[in-house]
Amino acid sequence: MTTAFIGQPVSRVDGRQKVTGAARYAAEFDLPRQAHGAIVRSTVANGRIASIDSAAAERGPGVVAVLTHRNAPRLPYSPHKGAVDPQVGERLHVLQDDRVSHQGQPIALVIADTVEQARHAAALVRVTYTPESWTTDITRVAPVQPTQQKTDQGEVRPPATRRGDPEGALASAEVKVEQTYIHPRENHNPIEMHATIAAWDGDRLTLWDKTQWVHNTAEEIAAVFGIPAQNVRVISPFVGGAFGSSLRTWPHVTLAALGARAAGRPVKVMLSRREMYYGVGYRPHTVQQVALGASRDGRLAAIMHDGYQETSTYEEFSEALLNASRFLYSCPNVDTRHRLARMNVHTPTYMRAPGEASGVFALESAMDELAVALNMDPVELRLLNEPERDEFKKLPFSSRSTRACYRAAAERFGWSRRSAQPRSMRDGRLLIGWGMATATYPMNFAPASAMARLLPDGTAEVTSAASDMGPGTWTSMTQVAAEALGLPIERVKFVLGDTRLPNAPVHGGSLTMASVGSAVQAACRKAREDALARGGANDLLEAVRRIGQPVEASVDTNPGDESQRFSMHAFGAVFVEVAVDPDLGETRVRSMVGAYGAGRIVNPKLTRSQCIGGMIGGIGMALMEHAVLDARNGRVPNANLAEYPVPVHADTPPVMEAIFVEEHDLHVNPLGVKGVGEIAMVGVAPAITNAIFHATGKRIRELPATPDKLL
Ligand code: MOS
């Protein structure tokens, strides 16, 4: 009997539930007497509601109530800022006044017996506005310095940093590149659309919600309604993808709770695909300028990276756009400056590899341009500028496997057969290009709690209020628990997704394995030790049988001072082959190899799957995704999956490989894991556009690389 489960390619413990439809998602928890809410949204980007006529809607069949700012109860909206909420500014208050600050803002909620009746009646609400001037065109906004910049883990970073004499070093550099890189707004587009079912029982509220953080949803809604957080229970066992869109608690969750209170019955609010573009965040449109200076032999002398991104008028959303440029390469003279363009849009949010995906696109494109200017192999250039330590934080790396990643991925890819000259590789009439880029993402480790309960029959239940938006938390935690308990995996049941369970941190920033995993491991070890001691036996099964009642252990784990002593990041390298049709301008990715130094890999099967998902996300970012913002009114004309294409099977290359280089990092956390959810998305887009340059000689500096840009 083996109980060594960490490192094994265990299949998803919830796989059968998912493929048979037994797994229930937020919108599927239908309740008796449940009504449905449909949201009416503003059709102007800024101004005031002049009149709102809901008489026809109220007469609609099955309509229970129509809530607008005129009749909705005033809510306390007490202060609440979770780690995922912008720390500067104030969240949107729904139905509290006549102010409209973005296109698509909720301005009424229609509640009816059926969803069809609610949507029909919502179309009958007549609204007029007193519009005010607005800005929805990023090219016409003067960006301003943010009050504060922080990472998605709440770590505060200065918006501007500087070391050495970047201007002087750039001016005297023998070789330089200076370019602007742009990527458009992108939307998360998980398959499961956001939904909330709200049910009140007196002043206690239960929410079945799509969320990446049940406790944060409870705390936010408690603050909005001015009730104790323990009065709000949030249940979210399954999340059908999210990529960051369920980190925050968005206005529709408040509307569901408000509607349920007004109707005196449970209310379900489910967003349509179109609504997903107006209320659950997006990766902001970003404009970045990068200047690199180097000596003839390829040593970096200066890095200047200046970037700005869209945010709303009411909150400063600011992601870690420039982090990588501050430490990824060795360079004595570095200047980074981050700014925000305030517009009449709804607040953007974190989207897979927030900050890094965008920032590294600019940096790694510029590095490729520098390699071309130096007539140097792009891998060689990166190896030459490999730092010995984090020159921004002035700390040693806890581990850094970039060299091993370049080597492993290049070998598997066959990089040595690359002919350096652009347009020199062909397959029939197709232009073939090989490109690469570096990837990095911070190791995040947050406080977490878990409980393990051993039962006399030799089974165990282990719990933590974590989420699983797809990576496989259900499974990986079961593995960690079974190994720590020394029990066969079938005897261990892990449960997540409910505020009644011990606190877990946000399911984001690639920190779940490190944080919840460490808590689960510690709770299980403690339960096992307690049982063995109390049962007076060397064998766990014998011990719990003798005790005859459950043995419980609860543990809270907290990071120590590692982050003061080490710079902790996952690193990787991505290599890509593209084929570009010279007549049609169409790019197809033919193969992709990523190598990652991500610490210990708990489940290679799930991790590979997660990495491939991130790589496919990168194909979308490079070649397809672009939420068009109509500069006249802030509308998103392509707010649907027909006109906002994302990669499908036919777009994914036949060869996709994720290699995990051996890495034993004793500093990061008790499990020695770094997380891979985000890093798999980093570097993919620049590797693809670098490959497109190699294929065609055309440099794509504005994503996505659609055919029109290659003709
Ligand atoms: Mo991730 S953007 O932290 O869900």
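Novice: Would you mind showing me how to read the overall build of the protein here?
Specialist: Of the regular secondary structure elements, the protein holds 16 helices and 28 strands. Scaling as 2.2 N^0.38, a compact globule of 711 residues should have a C-alpha radius of gyration of about 27 Å, and the protein matches this with 26 Å. Along the longest, intermediate and shortest principal axes, the C-alpha atoms of the protein span 75 × 75 × 50 Å. Burial analysis of the protein (711 residues in total) assigns 64% to the buried set. Within the protein, contacts between residues at least 6 apart in sequence are counted, and of these 81% link residues at least 24 apart. Carbon and sulfur atoms provide 51% of the accessible area of the protein, an area that totals close to 25,400 Å².

Novice: Where do I start with the pairing of strand β12 (residues 195-201) in this structure?
Specialist: One face of the sheet, then the other: side chains in a regular strand alternate in exactly this way. Within β12, six of the seven residues are buried, which leaves it mostly tucked inside the rest of the structure. Bridge analysis of β12 against strand β15 (residues 267-270) gives four bridges, and the strand direction is antiparallel. Counterpart to Ala-198 in the pairing with β15 is Val-267. For β12 and strand β13 (residues 204-209), the ladder comprises six bridges, and the chain directions are antiparallel. Paired with Ile-197 across the strands is Trp-208, a residue of β13. The loop that links β12 with its antiparallel partner β13 comprises two residues; one of these, Gly-202, has a positive phi angle of about 65°.

Novice: Teacher, can you tell me more about the environment of Pro-447 here?
Specialist: Its location among the elements puts Pro-447 in the loop between β21 (430-442) and β22 (448-454). The exposure class assigned to Pro-447 is partly exposed, which follows from its relative accessible area of 47%. The contact partners of Pro-447, leaving out residues within four places of it in the chain, are Pro-505, Thr-557, Asn-558 and Pro-559.

Novice: Is there a simple way to think about the pattern of salt bridges in this case?
Specialist: Throughout the structure, instances matching the rule amount to 43 salt bridges. Note that Asp-98 and Arg-48 form a salt bridge whose closest N and O atoms lie 2.7 Å from each other. Taken together, the residues span a long stretch of sequence, with Asp-98 in the loop between β4 (88-89) and β5 (99-100) and Arg-48 in strand β2 (residues 47-53) at a distance of 50 residues. For Arg-429, the salt bridge is made with Asp-581, and the minimal N-O distance between the two is 2.7 Å. Pair noted here: Arg-429 is in the loop between β20 (425-427) and β21 and Asp-581 is in the loop between β26 (569-580) and β27 (587-597), with a separation of 152 residues, a long-range link.

Novice: Would you take a moment to explain the domain arrangement of the protein for this structure?
Specialist: By a widespread convention, an interface's size corresponds to the accessible area lost as its parts come together. Examined at the domain level, the protein breaks down into domain 1 (34-133 + 191-241 + 246-279), domain 2 (149-186 + 282-443 + 565-709) and domain 3 (446-558). The gap between the C-alpha centroids of domain 1 and domain 2 is 36 Å. On the side of domain 2, 23 residues touch domain 1, which itself brings 24 residues to the contact. Of the roughly 2,100 Å² buried at the junction of domain 1 and domain 2 (both faces included), carbon and sulfur atoms supply 57%. At the surface where domain 1 touches domain 2, the tally comes to one salt bridge. In this structure, Glu-315 engages Arg-248 in a salt bridge whose closest nitrogen and oxygen atoms are separated by 2.8 Å. Counting across the domain 1 and domain 2 interface gives eight residue pairs in polar contact (both at pLDDT 80 or more).

Novice: Is there a simple way to think about the pairing of strand β6 (residues 106-112) in this case?
Specialist: With seven of its seven residues buried, β6 lies for the most part within the structure. The pairing of strand β1 (residues 35-41) with β6 spans six bridges and is antiparallel. Residue pairing in the sheet places Ala-38 in a bridge with Val-110 of β6. Here five bridges tie strand β3 (residues 63-68) to β6, and the two strands are oriented antiparallel to one another. Counted as the bridge partner of Ala-65 is Ile-111 from β6.

Novice: Before we go on, may I ask you to explain the nonpolar core in this structure?
Specialist: Residues Leu-292, Met-592 and Ile-688 are the most contacted members of the largest nonpolar core, which totals 87 residues. Counting residues per element, this core draws most heavily on helix α8 (residues 356-374), which supplies ten residues. In this structure Ile-688 touches Val-576, Val-578, Val-589, Met-592, Gly-618, Ile-619, Ala-622 and Leu-623, once residues within four positions along its chain are discounted. One finds Ala-452, Ala-514, Val-516 and Phe-566 within the second-largest nonpolar core, a separate group that totals 49 residues.

Novice: Mind showing me how you'd approach the sheet that holds β2 here?
Specialist: Picture the strands of a sheet paired through backbone hydrogen bonds; they go either parallel or antiparallel. Strand order in this open sheet of three strands is β5-β2-β7, and the pairing throughout is antiparallel. With partners counted over all chains shown, the strands left at the sheet margins are β5 and β7 (126-131), one partner each. Bridge analysis of β2 against β7 gives six bridges, and the strand direction is antiparallel. Along β7, the bridge assignment pairs Arg-48 with Thr-130.

Novice: What's the story with the packing of helix α15 (residues 604-623) against helix α16 (residues 684-696) in this structure? I'm lost.
Specialist: Helices that pack against each other are described as a pair by the angle of their axes relative to one another and the distance between those axes. Where α15 contacts α16, the two axes come as close as 8 Å, and the packing angle between them is 55°. Comparing their axes, α16 and α15 come out oblique. α16 is crossed by α15, and the crossing has right-handed handedness. Residue-level contacts link Met-615, Gly-618, Ile-619, Met-621, Ala-622 and Leu-623 of α15 to Val-684, Ala-685, Ile-688 and Ile-692 of α16. Of the residues that constitute the contact of α15 with α16, the class distribution is nine nonpolar, one polar and no charged.

Novice: Just to check I follow, could you spell out the sheet that holds β20 for this structure?
Specialist: Across the sheet, five strands lie side by side as β20-β21-β26-β27-β28; this open sheet has mixed pairing. With partners counted over all chains shown, the strands left at the sheet margins are β20 and β28 (655-660), one partner each. Between one strand axis and the next, the sheet turns through 25° on average, direction left out of account. Summarising the sheet, β21 and β26 pair through twelve bridges and their orientation is antiparallel. Note on β26: the bridge partner recorded for Ile-432 is Ala-579. Lying over the sheet, α16 contacts β20, β21, β26 and β27, oriented at roughly 155° with respect to β21.

The rules behind each value
- Starting from 1, residues in each chain are numbered consecutively following that chain's sequence as written.
- Owing to the predicted nature of the model, reporting of local features is limited to residues with pLDDT of at least 70; listing and counting of side-chain atom pairs is limited to 80 or more, with chain, interface and lining totals taken over all residues.
- Where side-chain values are given, they derive from all heavy atoms of the structure, hydrogens and water being excluded.
- Secondary structure elements follow DSSP: runs of H or I of four or more residues count as helices, runs of E of two or more count as strands, with numbering from the N terminus.
- The globule rule used here is 2.2 Å times the number of residues to the 0.38 power, and the radius of gyration it is set against is calculated over C-alpha atoms.
- Only protein chains enter the accessibility calculation, which uses a 1.4 Å probe. A residue is then buried if its area is under 20% of the maximum for its type, exposed if over 50%, and partly exposed in between.
- Note on definitions: a residue-residue contact is assigned when non-hydrogen atoms from the two residues lie within 4.5 Å.
- Values of accessible area rely on a 1.4 Å probe in the Shrake-Rupley scheme; residue burial ignores everything except the protein chains shown.
- Two strands qualify as a pair provided that DSSP identifies no fewer than 2 bridges between them.
- The term salt bridge refers to a side-chain nitrogen of Lys or Arg lying within 4 Å of a carboxyl oxygen of Asp or Glu.
- Those domain boundaries reflect an automatic or database domain assignment.
- The buried area of a pairing is the accessible area, by a 1.4 Å probe, that goes missing from both parts when the two are put together, added over both.
- Whenever a nitrogen or oxygen atom comes within 3.5 Å of another N or O atom, the pair is scored as a polar contact, on the condition that within protein one atom can donate a hydrogen and the other can accept it, and that pairs from neighbouring residues in sequence are kept only if both atoms are in side chains.
- Residues belong to a common nonpolar core when they are buried Ala, Val, Leu, Ile, Met, Phe, Trp, Tyr or Cys residues joined through side-chain atoms within 4.5 Å.
- Interaxial angles span 0 to 180 degrees and are taken between N-to-C directions of axes, which are lines fitted to C-alpha atoms, for helices over the stretch in contact.
- Here is the rule for angles: anything less than 35 degrees is roughly parallel, anything more than 145 is roughly antiparallel, 65 through 115 is roughly perpendicular, and the remaining ranges are oblique.
- By definition, turning the near helix anticlockwise from the far helix through less than a right angle yields a left-handed crossing, and turning it clockwise yields a right-handed one.
- Residue polarity follows a fixed list, in which Ala, Val, Leu, Ile, Met, Phe, Trp, Tyr, Cys and Pro are nonpolar, Asp, Glu, Lys and Arg are charged, and the others, Gly among them, are polar.

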